[in-house]
Amino acid sequence: MDAKARNCLLQHREALEKDIKTSYIMDHMISDGFLTISEEEKVRNEPTQQQRAAMLIKMILKKDNDSYISFYNALLHEGYKDLAALLHDGIPVVSSSSGKDSVSGITSYVRTVLCEGGVPQRPVVFVTRKKLVNAIQQKLSKLKGEPGWVTIHGMAGCGKSVLAAEAVRDHSLLEDCFPGGVHWVSVGKQDKSGLLMKLQNLCTRLDQDESFSQRLPLNIEEAKDRLRILMLRKHPRSLLILDDVWDSWVLKAFDNQCQILLTTRDKSVTDSVMGPKYVVPVESSLGKEKGLEILSLFVNMKKADLPEQAHSIIKECKGSPLVVSLIGALLRDFPNRWEYYLKQLQNKQFKRIRKSSSYDYEALDEAMSISVEMLREDIKYYYTDLSILQKDVKVPTKVLCILWDMETEEVEDILQEFVNKSLLFCDRNGKSFRYYLHDLQVDFLTEKNCSQLQDLHKKIITQFQRYHQPHTLSPDQEDCMYWYNFLAYHMASAKMHKELCALMFSLDWIKAKTELVGPAHLIHEFVEYRHILDEKDCAVCENFQEFLSLNGHLLGRQPFPNIVQLGLCEPETSEVYQQAKLQAKQEVDNGMLYLEWINKKNITNLSRLVVRPHTDAVYHACFSEDGQRIASCGADKTLQVFKAETGEKLLEIKAHEDEVLCCAFSTDDRFIATCSVDKKVKIWNAVTGELVHTYDEHSEQVNCCHFTNSSHHLLLATGSSDCFLKLWDLNQKECRNTMFGHTNSVNHCRFSPDDKLLASCSADGTLKLWDVTSANERKSFNVKQFFLNSEDPQEDMEVIVKCCSWFADGARIMVAAKNKIFLWNIDSCSKVADCRGHLSWVHGVKFSPDGSSFLTSSDDQTIRLWETKKVCKNSAIMLKQEVDVVFQENEVMVLAVDHIRRLQLINGKTGQIDYLTEAQVSCCCLSPHLQYIAFGDENGTIEILELVNNRIFQSRIRHKKTVWHIQFTADEKTLISSSDDSAIQVWNWQLEEYVFLQAHQETVKDFRLLKNSRLLSWSFDGTVKVWNIITGKIEKDFVCHQGTVLSCDISHDATKFSSTSADKTAKIWNVSNGELLHLCAPLSEEGAATHGGWVTDLCFSPDGKMLISAGGYIKWWNVVTGESSQTFYTNGTNLKKIHVSPDFKTYVTVDNLGILYILQTLE
């Protein structure tokens, strides 16, 4: 061994001896050929774990460089990445030709790449299938570093996964084609929630140093985008292996310019994705010779020496590698039972509830039954307990320790017996081993033990309750993730409905689970177990589901928000609010700060009807022309028709072979068109459900369809992922016109009311208008700009416009993106309204024929019916952020400017609004006794309105530029104002006297009146100044920040003042000497500011112990410690000002959406 490698091993010997478990490390080294069986026995004879580790290291020190590399790779594969990192610098340089291990011919480079990428090891007994492996490698090399798909397909249990892993055990293939590495993902049969978890885990693996984001992606679209960036920037030219893919929709999440190798039983799964595609079929059976080779390896005999029964056993096993392995494992333990096992296979007949055309389940039944029967009696019932495991789920040892009430070593001994007999599989990629069953074995167990399943699930819940409280699970416990993901599943399967409801309707559980894995999985569980949760109270279920979904963007951020405070923002009738209020009151007694949003009742739910006709995501819904019926379609491949008034079902049609993406009624209501991922367009009789036409000219999935509004000459338009729109005449068999111009998938199309134009939305971020007669492009709008905001990285943002719908007058159009719906005026490109209420992505929007209502359909499995007037009315009045507030005893009076520049006087407690005057107001203020209001405009003019008689007084001397801030003194005789002209004007409007405060070098950002005729001002020049407003002289001058000072305040005892800046920090200073006391808003690890943006306003509490700040949201700070006491998240962001009552218990602000917040401290 090289001196460098030897010294590295000696240097870290103590750490290695303390930490490693030798058993599985030695398995790897024996497999590599660098440790003998006798050496293993010598290590095992040592009495303690530490002594066994010491003996193993002593042996390695006497060996060569390859042994060092084998030991290093074993550490990596077993999850000791921290220890492997210690040895990394000592790895000896071994050339690729001499670096092959003596057994498998694999170089250390390959072994390291595969270990780091999570590629499974070769099975205990491995038979080469060179022809197939070479075919896969040839297809992979054809990708040539470009995005594309290589598919290995064949029946269940035919060895696809082993072949995929074997194909990448090639030094030159990895070095030439995939230098960025290989990343293995076990996919399996998944729903959307399960897929999100797989994507979250993959993103975490690819971004272990968290250089891109500390927060997990919260939905599949976000995860897809994160994966794209990670693969492009951090792991370029790497290979992604997706093992056991069942559904085509799953691949869409990975369709982002990656090189992908996948295994599947269905070779058509790649039909829905873009790019070059190559297929390698795997024969359904091994063939006699390969089967005999596996048996010979298991029993350690030459193939020619096998008894004649071996040939019959291979025949009975139907050539399945899985079944042959099960029998081979039995024969290894009992080599004299060839005849016995053959008779068992021949004689046992098992009936299955479910048959598969692609797999002979009887052969597996027979082999599994024999293997289970041959288990020792004392461990046989433990295998029955595994019936409760889900497919494709790897279970930590600790979970089974709890289930069986045993120590880790005892459990591992039992599980190793199952592994040795091919009845169970072990994933050794971590310090704690994880165990899983092949999905066919899960089928066998659940069917065989179906009568016991409920009791078995009840058993695991009972055992869990002995060891854990749900909300006290700690992330550092190895079984923690399992319980968070599957506790509800076990409760539902055990029919423990009371316990399930208590769990799901618990704020503590929601906090604990969302803090670890985000809200998506919980939302899925609310949908999955809806029928159970509704038994207790369907309204409560809705409350929690809506709470999770509408706060999803917050529940994935770090630091994790206070979930009790979020709950207090829910409607007062909500169960979430009631639980939050109860917890908050208890915590307030212990000194915790909580806020009540007292005017939230003004925000109402606008949807009129919610129905759930589908069993999966609803992609589209539309009205019949008479408005009496609604048609819908979705991921469950069906077309549904139901009554618009009641939701009563009229038709249910199995419409396509894949997900149905859109449906449309013809103008005369005689036909319904559907289009699908299967690339087909179909026309149905709307009354009988009979199929009338099928069109199949699109080359990719068809995303949208729409009929013309006139029935004189009925046309159908369709849009596809092939970037084309097509026009169809129902009297012709072929397409009439093709329209091209989009550069990405066409998501939606709609004829204008007069049928002269066709509007189309695309994933390229544009809305295009086409001339129907000529098929030429008439107009193109870049819709992306309406959805970008200052916080989004524009270069990485992909804005997909999902759908559109014309208003009857042709002047307005409805557009959906993410979980929001927007109503736009086409001519002015201005937003008329927006609404939210869906819990997930909105796929479709559609006006009713008369425009009085509209439909929206979503991933949350709901269709919502909205009243247009209510939505528009609700959105019509938007407050600007220029407001002033007067606090009088129990009254809160708010003076605000709305979006059309009208002045409103709002009673904060009752919600009553008085409209005062219409003027082009840029800022406004109330006098302390509510006798006057003052307002400034863009011309620099200042006016005062006397509320009693509507008399107006106007300033004789105007500012030179727009007036931005204005305030009365306590006696109401003087008005102070600031403008873009950098001067502050002090106007005694009753005596017509003026004082000008001029010293700032740039625009005055704002000012605050202090006691004793003093005024605090701050500016873009980075300074803070204290003035005497009578003399106009500066008394103190502070240089606080490099850039713009956004806000300031002085504590009531005048000993401290605070400042905030465009550098996203808040500072607290000593007034007397200018010393910096605290930095309250340092940048977090993610690089995003603690306030979610610029800190724009500050205010001290009367006792000087508390500070409130506004920015992206509102935060309360402990002045002594500089730590945050509470955070209130507004619906919008970019708060400009926070108004605080004298007792520091009431707070008022307006966000950038125009929503008014009146908050009160909970007592």
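Residues numbered from 1 in each chain as written. Predicted model: local features only at pLDDT ≥ 70, side-chain atom pairs only at ≥ 80, totals over all residues. Heavy atoms only, no water.

Focus: the overall build of the protein
The condition that has to hold: The helix count covers DSSP runs of H or I at least four residues long, the strand count covers runs of E at least two residues long, and both are numbered beginning at the N terminus. Throughout, exposure labels follow a simple rule: accessible area from a 1.4 Å probe, protein chains only, divided by the maximum for the residue type, with under 20% read as buried, over 50% as exposed, and the rest as partly exposed. Residue contacts follow a heavy-atom distance rule, with two residues in contact if any of their heavy atoms lie within 4.5 Å.
If you tally the helices and strands in the protein, you get 32 helices and 60 strands. Within the span of the protein, comprising 1163 residues, buried residues form 57% of the whole. Expressed as a percentage of contacts within the protein between residues at least 6 apart in sequence, the contacts between residues at least 24 apart total 53%.

Things to note about the sheet that holds strand β8 (residues 434-436)
How we decide: Any two strands are treated as partners once DSSP identifies two or more bridges connecting them.
The antiparallel open sheet is built from three strands, whose spatial order is β6-β8-β7. This sheet does not close on itself; its edge strands, each paired only once, are β6 (395-396) and β7 (425-427). Where β7 lies against β8, three bridges are found, and the strand directions are antiparallel. If you follow D427 over to β8, its bridge partner there is R434.

Quick look at helix α23 (residues 439-448)
With respect to burial, α23 is a largely interior element, eight of its 10 residues being buried. Residues of α23 that are buried include every one of D439, L440, Q441, V442, D443, F444, L445 and E447, and no others.

Here we look at the sheet that holds strand β19 (residues 702-707)
Under the convention used in this document: Axis definition: a line fit to C-alpha positions, over the contact stretch in the case of helices; interaxial angles, taken between N-to-C directions, run 0 to 180 degrees.
The sheet built from four strands is open, its strands ordered β19-β20-β21-β22 with antiparallel pairing. The open sheet has two edge strands, β19 and β22 (735-740), and neither has a second partner. For this sheet the average axis-to-axis angle between neighbouring strands, irrespective of direction, equals 20°. Judged from the five bridges that link them, strand β21 (residues 724-729) and β22 form a sheet pairing that is antiparallel. Directly across from W728, in β22, lies its bridge partner C735.

Topic: the packing of helix α6 (residues 65-77) against helix α8 (residues 108-116)
The line we're drawing: With respect to orientation, any angle under 35 degrees is reported as roughly parallel, any angle over 145 as roughly antiparallel, any angle of 65 to 115 as roughly perpendicular, and every other angle as oblique. Amino acids outside the nonpolar list (Ala, Val, Leu, Ile, Met, Phe, Trp, Tyr, Cys, Pro) and the charged list (Asp, Glu, Lys, Arg) are all regarded as polar, and Gly is one of them.
Between α6 and α8, whose axes approach to 9 Å, the crossing angle comes to 10°. Overall, the two elements α6 and α8 adopt an arrangement that is roughly parallel. Mapping the contact onto sequence places I69, Y72, N73, L76 and H77 in α6 and S108, R111, T112, C115 and E116 in α8. Residue classes in the contact of α6 with α8 are distributed as four nonpolar, four polar and two charged.

Overview of the pattern of salt bridges
What counts is decided by this rule: In what follows, salt bridge is the name for a side-chain nitrogen of Lys or Arg lying within 4 Å of a carboxyl oxygen of Asp or Glu.
Inspection of every chain in the model, using the stated rule, returns 32 salt bridges. K252 serves as the salt-bridge partner of E659, at 3.8 Å between the closest nitrogen and oxygen. Placement of the pair is E659 in the loop between β14 (649-654) and β15 (660-665) and K252 in helix α14 (residues 248-252), with a sequence separation of 407 residues. It is possible to trace a salt-bridge network through shared partners that takes in E373, E377 and K380.

Examining unusual backbone geometry
Unusually for a residue other than glycine, K495 sits at a positive phi of about 55°. With relative accessibility at 55%, the residue K495 sits in the exposed group. Of note in the backbone geometry, S1013 takes a positive phi value of approximately 60° without being a glycine. Residue placement: S1013 occurs in the loop between β46 (1004-1009) and β47 (1014-1019).

Some details on helix α24 (residues 453-467)
Rules: Multiply 1.5 Å by the residue count of a helix minus one, and that product is the helix's expected span. Throughout, the arc means that of the directions going from the helix axis to the C-beta atoms.
Over its 15 residues, α24 extends 22 Å from the first C-alpha to the last, a length consistent with the 21 Å expected when each residue adds 1.5 Å. Listed in full, the buried residues belonging to α24 are L453, L456, H457, I460, I461, Q463 and F464. The buried residues of α24 occupy an angular sector of 165° when projected down its axis, which confines them to one face. Facing away from the buried side of α24 by over 90 degrees, the exposed positions are D455 and R466. The secondary structure elements touched by the buried residues of α24 are α20 (377-385), α21 (397-404), α23 and α25 (480-493).

What about a negative patch on the surface?
This is how the line gets drawn: Surface patches are drawn from residues lacking salt bridges whose relative accessible area is over 30%; two like charges belong together within 9 Å, two nonpolar side chains (Val, Leu, Ile, Met, Phe, Trp, Tyr) within 5 Å. Here the Shrake-Rupley method, with its probe set to 1.4 Å, supplies the accessible areas, and only the displayed protein chains count as covering residues. In this tally Asp and Glu are treated as negative and Lys and Arg as positive; neither His nor the chain ends contributes. To locate a charge, take NZ of a lysine, CZ of an arginine, CG of an aspartate or CD of a glutamate.
A contiguous patch of negative charge on the surface is contributed by E407, E409, E410 and D413. With respect to the helices and strands, the residue E410 is situated in helix α22 (residues 408-420). Among the residues examined, E410 registers a relative accessible area of 42% and is labelled partly exposed.

Re the UniProt feature "repeat: WD" (unreviewed entry) in the protein
Basically, it comes down to this: UniProt positions are given in the numbering used here, feature names are shortened, and annotations may be inferred rather than shown by experiment.
In the numbering used here, UniProt assigns the "repeat: WD" (unreviewed entry) feature to residues 611-652, 653-694, 695-738, 739-780, 835-867, 956-988, 997-1037 and 1038-1079. With 0% helix and 52% strand, residues 956-988 has its two end C-alpha atoms placed 11 Å apart.

Structural notes on the packing of aromatic side chains
Rules: Classification of ring pairs uses Phe, Tyr and Trp, with its six-membered ring standing for Trp, and accepts pairs whose centres are within 6.5 Å; under 30 degrees between planes counts as stacked, over 60 as edge-to-face, and the remaining range as tilted. Here, over-ring charges are defined by two tests on the NZ atom of lysine or the CZ atom of arginine: distance to the ring centre within 6 Å, and angle to the ring normal within 35 degrees.
According to the stated counting rule, one finds 25 aromatic pairs in the structure shown. Arranged with centres 4.7 Å apart and planes meeting at 50°, the rings of F464 and W483 form a pair that is tilted. Here F464 is found in helix α24, whereas its partner W483 is found in helix α25, with 19 residues between them in sequence. By relative accessible area, W483 is classed as buried at 0%. A centroid spacing of 6.2 Å and a plane angle of 0° characterise the contact between W987 and Y994, whose relative ring orientation is stacked. Residue classification places Y994 among the buried residues on the basis of a relative accessible area of 17%. Among the aromatic side chains, those forming a connected cluster through ring pairs are F464, Y482, W483 and F486. Directly above the aromatic system of Y340 lies the positively charged group of R337, at a separation of 6.0 Å from the ring centroid. We note K1115 situated over the ring of W1117; from NZ or CZ to the ring centre the distance is 5.7 Å.

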